[in-house]
Amino acid sequence: MATDRPIVLGITGASGAPYAVRLLDVLQRGGHEVHLSISPSGAAVIEQELGVKIDLKEFDPQQLSPERIREQTPWFPAGSQPQTANSGAKLHYHHWQNFMAPIASGSFLAGGTVICPCSGTTLAAVASGIESNLIQRAAEVALKERRKLVLVPRETPISPTYVANMQKATEAGAVVLPAMPGWYHGVSDLGDIVDFVVARICDQLGVDNGLMKRWGAE
C-alpha cells in the first residue's frame, strides 16, 4: 500500500463520530492528503455526539477542526501525535451525491479508503455491491481495484444479517474493524479510548502513529 497516496475517508451514520474526526485530525497532522465525504446521517451523528453542525453543501474544514470540537467536547483527544513538516496537508471535500468526484473512479490512485463509522446500511451496501452514493461508490472502487478498504462498524448486539454482511464484505476484500477499544494500553480518559481505535485504523493504512502503547512495550 502506498501511504504517500491520498486517503479517502467516508463518514456515515453510525455512532462513533469522535473516531472519524480524530482520524481526520491524525491524518492531517501526519501530512496525509485526505478526500472526505460525509453522508447526511453522518452529519447528524456528528452534531449529536460532538455538538458541531455540518453544512454538507457549503462545507468548511474548520467545522471539524480539533479546536472547534474541543469547544463543545472538552475530552476530545489533543496532541500525542507529532506534527510533520507537511502538517495540515490538503483536505478535499466531496458532496455525498457527487459521482463526478475523483474518488468515484478507479483511475484515482488512493492509498486506502476508510468508512468510519460505518453504518449498517453502508455495510450492507458494500457487502452487496450497491453504489447509491459517493461513499458506497468509493468503497466499491477500493474493492474492484484491490486496494485497502477499512470498514469501522459500531453496533451491538449484532443480528445474523449484520454478521453475514460483515462476512461478505470481508470475503470481498474489505477489512472489518469494529470500534471495539481495548483497555490494556492504559486508559485515563475517553480520549485514550478513541485513540485506541484510531491507532488500529492507522495501522491498517500503514500510517505511522504513536497513539497508544503497544502490547508488551516497555
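Look up: the structure comes first, before these words.
Going along each chain's sequence as written, the residues are numbered from 1 onward. Local features in a predicted model are, by the rule used here, given only for residues with pLDDT of at least 70; side-chain atom pairs are given and counted only at 80 or more, and totals for whole chains, interfaces and linings are based on all residues. Here the side-chain values reflect all heavy atoms present in the structure, with hydrogen atoms and water set aside.

## A look at the sheet that holds strand β6 (residues 175-176)
Within a beta sheet, neighbouring strands are joined by backbone hydrogen bonds and run either parallel or antiparallel to one another.
Next up, step 1: Think of it this way: DSSP has to see at least two bridges between two strands before they count as a pair. A run of H or I in DSSP becomes a helix once it reaches four residues, and a run of E becomes a strand once it reaches two; helices and strands are each numbered from the N terminus. Ordered by their spatial adjacency, six strands build an open sheet running β3-β2-β1-β4-β5-β6, and the pairing between neighbours is parallel. Taken across any chain shown, the strands that pair with only one partner, and hence form the sheet edges, are β3 (91-93) and β6.
Next up, step 2: As defined by bridge partners, strand β4 (residues 112-118) adjoins strand β5 (residues 149-153) across four bridges and the pair is classed as parallel. Bridge pairing in β5 places I115 opposite L151.
Next up, step 3: Between two residues, a contact is recorded if the distance between any of their heavy atoms is within 4.5 Å. Helix axes use the C-alpha atoms of the stretch in contact, all axes being lines fitted to C-alpha atoms, and the angles between their N-to-C directions lie in the range 0 to 180 degrees. Against the sheet, helix α7 (residues 190-205) makes contact with β1 (7-11), β4, β5 and β6, and its axis sits at roughly 155° relative to β4, the strand it touches most.

## Considerations on unusual backbone geometry
Next up, step 1: The omega angle of the peptide bond from C116 to P117 is -10°, so this bond is cis rather than trans.
Next up, step 2: Topologically, P117 is positioned in strand β4.
Next up, step 3: In this model, T156 is joined to P157 through a cis peptide bond whose omega is -10°.
Next up, step 4: Looking at where P157 falls in the secondary structure, it is placed in the loop between β5 and α6 (160-172).

## Some details on the pattern of salt bridges
Next up, step 1: The term salt bridge refers to a side-chain nitrogen of Lys or Arg lying within 4 Å of a carboxyl oxygen of Asp or Glu. For the coordinates displayed, the defined rule picks out nine salt bridges.
Next up, step 2: Taking the shortest distance from any N to any O, the salt bridge between R147 and E145 comes out at 3.9 Å.
Next up, step 3: What you see here is one network of salt bridges that share partners, running through R22, D25 and D195.

## A few points about the packing of helix α1 (residues 17-29) against α7
Next up, step 1: With their axes 9 Å apart at the nearest point, α1 and α7 run at an angle of 60° to one another. When the axes of α1 and α7 are compared, the pair comes out oblique. For the crossing formed where α1 meets α7, the hand is right-handed. Residue-level inspection shows P18, Y19, R22, L23 and V26 of α1 in contact with α7, the latter providing I193, V194, D195, V197, V198, I201 and C202.
Next up, step 2: Each residue gets one of three labels, nonpolar for Ala, Val, Leu, Ile, Met, Phe, Trp, Tyr, Cys and Pro, charged for Asp, Glu, Lys and Arg, and polar for the others, Gly among them. Class assignment for the residues of the contact of α1 with α7 results in 10 nonpolar, no polar and two charged. Orientation categories follow fixed angle ranges, with anything under 35 degrees roughly parallel, anything over 145 roughly antiparallel, 65 to 115 roughly perpendicular, and all other angles oblique. Helix crossings are classified by the rotation of the near helix relative to the far one: an anticlockwise turn of less than a right angle makes the crossing left-handed, while a clockwise turn makes it right-handed.

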